[in-house]
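# Structural description and commentary
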Amino acid sequence: KKSDMAVTRTMTGGVYNAVSLPFAINADILKQVTDRDGNHIFDAEQGGNTPEIYIFDVANVVLTSNYDNELKLQFHLLKEDEEIPANQPFIIKPKEDIVTDFIFYNVDIVNPVEVESNGDGVEFRGLFIRASVTPEANYKLIEITADGKLQEYTEGVTLIGLNGYFMVSPAMPAYDDAVIV
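Below you will find a few notes about this structure. (Residues numbered from 1 in each chain as written. Predicted model: local features only at pLDDT ≥ 70, side-chain atom pairs only at ≥ 80, totals over all residues. Heavy atoms only, no water.)

### With respect to the overall build of the protein
Within the protein, the secondary structure is distributed over 1 helix and 16 strands. Burial statistics for the protein: of 181 residues in total, 49% are counted as buried. Sequence separation of at least 24 residues holds for 75% of the intrachain contacts in the protein that already meet a minimum separation of 6. For the protein, the computed accessible surface area is about 9,100 Å², with 47% contributed by carbon and sulfur atoms. (Helix = DSSP H or I, 4+ residues; strand = E, 2+ residues; numbered from the N terminus. Buried < 20%, exposed > 50% of the residue type's maximum accessible area, 1.4 Å probe, protein only. Contact = heavy atoms within 4.5 Å. Areas by Shrake-Rupley, 256 points an atom, 1.4 Å probe, with all protein chains shown as cover.)

Below, the structure is given as structure tokens:
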């Protein structure tokens, strides 16, 4: 059954924000998103703030061959005909700060369950409620920073809901960069 859903989430403009939603999204759904007053949030043609939406390329977790042996995570921009499945974490980079409720129209809401995008020792996980997250068995809990870099969270960090985070295997090398392609 399709329905409308209000999502409360603040996003900082010009930086990378990890997001997970309990419904699939695509370019058409994003163009319809409004605030509570009916102002379009993401459709530039209607005065909105067209964001960059990035999907984690699980097949492209790269160990660079340089002397540093760094881990690089690759993402790609959401294509016009591409859909992000429900519960799948992704990255959104709005042009301006967004401090409002988002109203998504005509979406199929599913039970929020943790979904992992797995790629050779790196997992990108979605989180739906505010929760304390700790690394698993020597894994490193990693966030993507505002400038697209990766940094380790402190243990026992509390993350806001509708968020995403990375869990990196202890077998992986340094995680100095996330590559947005």
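### Here we look at the pattern of salt bridges
Any two side chains of opposite charge can pair, given that their charged atoms come close. In the structure shown here, the tally under the stated rule is 4 salt bridges. The salt bridge involving Glu80 is made with Lys31; its shortest N-O contact spans 3.4 Å. You can see Glu80 sitting in the loop between β5 (71–77) and β6 (83–84) and its partner Lys31 sitting in helix α1 (residues 27–32), a full 49 residues away along the chain. Taking relative accessible area as the criterion, Glu80 reaches 56% and is therefore assigned exposed. Residue Arg125 pairs with Glu123 through a salt bridge whose shortest N-O separation is 2.4 Å. Neither residue differs from the other here; Arg125 and Glu123 are each classed as buried. (Salt bridge = Lys/Arg side-chain N within 4 Å of Asp/Glu carboxyl O.)

### Some remarks on the side chain of Ser20
Summarising the element assignment, Ser20 is placed in the loop between β2 (17–19) and β3 (25–26). Exposure remark for Ser20: the relative accessible area of 0% places this residue in the buried category. A polar side-chain atom of Ser20 sits 3.0 Å from the main-chain carbonyl oxygen of Asn163. Discounting chain neighbours no more than four positions away, the residues touching Ser20 are Asn87, Gln88, Pro89, Gly126, Leu127, Phe128, Leu162 and Asn163. (Polar contact = N/O pair within 3.5 Å; in protein donor to acceptor, adjacent residues only side chain to side chain.)

### A few points about the nonpolar core
It is characteristic of soluble globular proteins that their nonpolar side chains tend to be buried jointly. With 23 residues, the main nonpolar core has Leu21, Ile25, Phe42, Phe90, Phe102 and Phe104 as its most contacted residues. Elements represented by at least two residues in this core include exactly β1 (2–11), α1, β4 (52–63), β7 (90–93) and β8 (98–108). Looking at this core element by element, the count peaks at 4 residues for β8. Membership of the second largest hydrophobic core comes to 14 residues, among which are Tyr16, Ile91, Ile142 and Phe166. (Core = buried A, V, L, I, M, F, W, Y, C linked by side-chain atoms within 4.5 Å.)

### A look at the environment of Phe102
Its place among the elements puts Phe102 in strand β8. In the structure, Phe102 is positioned 66 residues away from Arg36 in sequence and 7.4 Å away in space, judged by C-alpha atoms. When neighbours within four sequence positions are excluded, Phe102 is seen to be in contact with Met5, Ala6, Val7, Arg9, Met11, Val33, Thr34, Ile41 and Phe42.

### Overview of the environment of Lys93
Here Lys93 shows up in strand β7. Residue classification places Lys93 among the partly exposed residues on the basis of a relative accessible area of 21%. Along the chain, Lys93 and Met11 lie 82 residues apart, while their C-alpha atoms are 8.2 Å from each other. Not counting residues within four places of it along the chain, the set of residues in contact with Lys93 comprises Gly14, Val15, Tyr16, Pro51, Glu52 and Tyr54.

### Focus on the packing of aromatic side chains
Taken as a whole, this structure holds 10 aromatic pairs when the rule is applied. Ring plane angle 85° and centroid distance 6.4 Å describe the contact between Phe75 and Phe124, whose orientation is recorded as edge-to-face. Of this pair, Phe75 sits in strand β5 while Phe124 sits in strand β10 (residues 122–127), and the two are 49 residues apart along the sequence. Classification of Phe75 as buried rests on a relative accessible area of 0%. Residue Phe124 is classed as buried on the basis of its relative accessible area, which comes to 0%. Connected via pairs of aromatic rings, a cluster forms that spans Phe23, Phe42, Phe102 and Phe104. (Phe/Tyr/Trp six-rings, centres within 6.5 Å; stacked < 30°, edge-to-face > 60°.)

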